[in-house]
Amino acid sequence: MNSQQLIALDQAHVWHPYSSMDNPPPAYPVASAEGVRLKLTDGTELIDGMASWWCAIHGYNHPHLNQAMQSQIADMSHVMFGGITHAPAVTLAKRLVDITPLGLEKVFFSDSGSVAVEVAIKMALQYWHARGQAGKDRLLTVRNGYHGDTFGAMAVCDPVNGMHTLFKGVLPQHYFCPAPPAGFDRPLADSDLDELEAQLKKNHKNIAGLILEPIVQGAGGMRFYSPAWLTAAAALCKQYDVLLIADEIATGFGRSGALFACDHAQVQPDIMCLGKAITGGTMSFAATLTTSHIATTISRGKANCFMHGPTFMGNPLACAVANASLDLLEENDWQAQVQGIEQDLQQHLAPAAAQSYVEDVRVMGAIGVVQVKEAVDLARMQKLLVAEGVWVRPFGKLVYVMPPYVTSAEDLKQLCEGMLRALEAYFSA
Ligand SMILES: *Cc1c(COP(=O)(O)O)cnc(C)c1O
């Protein structure tokens, strides 16, 4: 099949994320990927600024990750997890417990981030049910959040971005309060948590948990907020007997400059969701962690167990490569990598702030965001970015990068400069 045939068949039959099948734009066919480069079937090489949606933190085709998968395939790719266990899963669970915030000791493996969020919600509900407070079956969350595309997760996404009107009557109704005020370094003002506290005061008897993305709100707006706000929110949860559910699916494994974003505030959530980078961008996998207290309470409830068990739970191949990804995080000194990227992003994206079409430029860890004043036409913008030799996938007003941690200073410079040139070309046309 040549590139043109591939693209035509793709357009005829294959649905892509959040895309129309009515005259869909052509997708770029990738033949292979190596390090921080995507290689298109026509030979074009693109520097990857997306890490395949926060996942490929060590770059593509990494020999250590490949080796871990090959060696696991030779033993077994998969076995059921009901009544069976295996070293890759046990090792991974222990390692995750060791590196995540204190108190998280029980690990539930699943196959994607959205499912990890469903599992977290179900844990919170079963916990209160077991404690004889079944009325605590709603969630509280902040606006501009993103927690996944399944119905339970969608119900706690931002009501506007998450298109709640489309599914009105189907989605469970939860409580929303304003997004935390923007800015990692913003000093906490007295009134910053007023709405959150008011909701808790009024509705805590119905609220099982507060679910949020700590410090970095990802797909709901690429916003950063302060550790002080998170610390105060965690304290309010304790005060009103509401569980804190930290969705670290995007932020986990170093992306924000701390291993987990909760670490910026030394907050210990009751439940934590992990996904995306967990396998270094190789396989779909996720985990939901909780405390011994919550796990024991659920297990002594009416059902005598936690009511969840995906077919591919604890997949050995995914666990093996997740362990290998943790090896690399340790060996590569992720902190130095992410700090280096943060400094370079600050330097190379700064010129954008002077442009009339730019609203805001912000950087945190290995995340760089250029927010423009009007939403960009994706197909036109994408073409300009590819012409610059970079792979960046904007959404709405957000043109942003979250590159693999192994990106060299030179590649990062090219990536940022290419992105800014593409923006310039877009807005000067
Ligand atoms: C991506 C994401 C999810 C959903 O994960 P999927 O693997 O796409 O289902 C949930 N929460 C956050 C914060 C995410 O970034």
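Scroll up to find the structure this text is about.
How each quantity is defined
- Residues numbered from 1 in each chain as written.
- Predicted model: local features only at pLDDT ≥ 70, side-chain atom pairs only at ≥ 80, totals over all residues.
- Heavy atoms only, no water.
- Helix = DSSP H or I, 4+ residues; strand = E, 2+ residues; numbered from the N terminus.
- Rg over C-alpha atoms; globule rule 2.2 N^0.38 Å.
- Contact = heavy atoms within 4.5 Å.
- Areas by Shrake-Rupley, 256 points an atom, 1.4 Å probe, with all protein chains shown as cover.
- Lys, Arg positive; Asp, Glu negative; His and termini not counted.
- Charge placed at Lys NZ, Arg CZ, Asp CG, Glu CD.
- Buried < 20%, exposed > 50% of the residue type's maximum accessible area, 1.4 Å probe, protein only.
- Salt bridge = Lys/Arg side-chain N within 4 Å of Asp/Glu carboxyl O.
- Near = heavy atom within 4 Å.
- Polar contact = N/O pair within 3.5 Å; in protein donor to acceptor, adjacent residues only side chain to side chain.
- Nonpolar A, V, L, I, M, F, W, Y, C, P; charged D, E, K, R; others polar.
- Patch = residues over 30% accessible without salt bridge, like charges linked within 9 Å, V, L, I, M, F, W, Y side chains within 5 Å.

Caption draft 1: Structural view of the overall build of the chain. Assigned secondary structure in the chain consists of 13 helices and 16 strands. In summary, the chain has a C-alpha radius of gyration of 22 Å against a globular reference of 22 Å for 429 residues, a match within 12%. Counting only C-alpha atoms and orienting by the principal axes, one finds that the chain spans roughly 60 × 55 × 45 Å. Of the contacts formed within the chain by residues at least 6 apart in sequence, a portion of 72% connects residues at least 24 apart. Total accessible area on the chain is roughly 18800 Å²; 54% of this is exposed by carbon and sulfur atoms. Charge centroids of the chain, computed over 29 positive and 41 negative side chains, lie 8 Å from each other.

Caption draft 2: Region of the structure containing the side chain of D344. Here D344 shows up in helix α11 (residues 334-349). Within the buried set, D344 has no salt-bridge partner at all; the shortest N-O distance to an opposite charge, 10 Å, is to K413. The contacts of D344, once residues within four sequence positions are left out, are A409 and L412.

Caption draft 3: Quick look at the site of the ligand. What surrounds the ligand is the set S112, G113, S114, Y146, H147, G148, E213, D247, I249, A250 and K276. Contacts to the ligand include D247, whose side-chain N or O atom sits 2.7 Å from a nitrogen atom. One nitrogen or oxygen atom from the side chain of K276 is found 2.6 Å from an oxygen atom belonging to the ligand. Residue classes in the shell around the ligand are distributed as three nonpolar, five polar and three charged.

Caption draft 4: Structural detail: a nonpolar patch on the surface. A contiguous nonpolar surface patch, about 310 Å² in accessible area, is contributed by M1, L6 and L9. For L6, a relative accessible area of 35% translates into the label partly exposed.

Caption draft 5: Focus on the pattern of salt bridges. Under the defined criterion, the tally for this structure stands at ten salt bridges. One salt bridge in this structure joins R95 and D327, with 2.8 Å as the shortest N-O distance. Residue R95 is located in helix α4 (residues 87-99), and its partner D327 is located in helix α10 (residues 316-331); the two are separated by 232 residues in the primary sequence. Between R95 and E330 there is a salt bridge; the shortest N-O distance is 3.7 Å. Here E330 lies in helix α10 and R95 lies in helix α4, a separation of 235 residues in the sequence. What you see here is one network of salt bridges that share partners, running through R37, E45 and D411.

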